[in-house]
Amino acid sequence: MSPSPHGKQAPADKTTWHLQRCDGFLDLGMRAQARAELAAVPESDRTTVAYLRLLLRLSIEEENWPEGMRLASELRAKDPTDPTFVIQLAYSTRRAKGIASAELVLRSAQRTFPKVALIYFNLSCYACQMDGRRDDALFYIAKAIALEPALYQTALEDEDLRPIWPDIEACRASGLLVRRLTPGRPSGIIIPAQSEEW
């Protein structure tokens, strides 16, 4: 038996073995080898979520955005309970079709996944890059950080959010979340931070 890139012995299930090796090669940035492992998977196993997930990861790393959109859509249909696929669909859509199209993907997803912070984080990124959408960006980043306080630091490192970095820092310093805003309709209400980590 041959070792995988992570040093594991090949299991009896050859498909699992090729997928593990593909995953390892992707971790090492070895895309050609990863693609070769996927090509070795039998045709009968190429419609599984495990296979398609790795093919999607490879497509994103190769910046093949139309293929990323296709695969993320297929995975979303196969497992509509996993928010990862809709986030990856939006990620690929932004690069293939633009921010407005990607925003539509995530705005529909927020109803299905109201507690997934990364959806709001990405909506904030999109709004921040569009003229006249600063209030929307603040609303979404506040919601993202309220759900997942660790995203505060990530927000201050994300170039998409650079225009609202001072607002994010000011809100933390004052112990307040940003104004409670309904996208497109500012209100003047300030709400306390929900977590000491914010």
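Further up the page is the structure itself.
Residues numbered from 1 in each chain as written. Predicted model: local features only at pLDDT ≥ 70, side-chain atom pairs only at ≥ 80, totals over all residues. Heavy atoms only, no water.

1. A short note on the pattern of salt bridges
In total, this model carries 15 salt bridges according to the counting rule given. Between D82 and R53 there is a salt bridge, with the nearest N and O atoms lying 3.6 Å from each other. Residue D82 is found in the loop between helix 4 (65-78) and helix 5 (83-97), and its partner R53 is found in helix 3 (residues 49-61); the two are separated by 29 residues along the sequence. Judged by relative accessible area, which is 37%, R53 ranks as partly exposed. Salt bridges linked by common partners bring D23, D27, R57 and E61 together as one network. (Salt bridge = Lys/Arg side-chain N within 4 Å of Asp/Glu carboxyl O. Helix = DSSP H or I, 4+ residues; strand = E, 2+ residues; numbered from the N terminus. Buried < 20%, exposed > 50% of the residue type's maximum accessible area, 1.4 Å probe, protein only.)

2. Some remarks on the packing of aromatic side chains
Per the counting criterion, the structure on display carries 3 aromatic pairs. Measuring from ring centre to ring centre gives 5.6 Å for W65 and Y91, while their planes differ by 70°; the resulting arrangement is edge-to-face. Of this pair, W65 sits in helix 4 while Y91 sits in helix 5, and the two are 26 residues apart along the sequence. Arranged with centres 6.4 Å apart and planes meeting at 25°, the rings of Y120 and Y140 form a pair that is stacked. Of this pair, Y120 sits in helix 7 (residues 117-128) while Y140 sits in helix 8 (residues 134-147), and the two are 20 residues apart along the sequence. In this structure Y120 comes out as buried when scored by relative accessible area, which is 3%. Take Y140: its relative accessible area is 1%, and that puts it in the buried class. Taken together, Y120, F139 and Y140 form an aromatic cluster joined through their ring pairs. Sitting above the plane of the W65 ring, R95 keeps its charged end 5.7 Å from the centroid. (Phe/Tyr/Trp six-rings, centres within 6.5 Å; stacked < 30°, edge-to-face > 60°. Lys NZ or Arg CZ within 6 Å of the ring centre and 35° of its normal.)

3. Looking at the side chain of S92
Along the chain, S92 turns up in helix 5. Setting aside chain neighbours within four positions, we find S92 in contact with I60, W65, G68 and M69. (Contact = heavy atoms within 4.5 Å.)

4. Some thoughts on the side chain of E103
Positionally, E103 belongs in helix 6 (residues 99-112). Overall, E103 belongs to the buried group, its relative accessible area being 7%. Among the polar contacts listed, one links the side chain of E103 to the side chain of R133, at a separation of 2.5 Å. Contact partners of E103, with chain neighbours within four places excluded, come to L123, Y126, M130 and R133. (Polar contact = N/O pair within 3.5 Å; in protein donor to acceptor, adjacent residues only side chain to side chain.)

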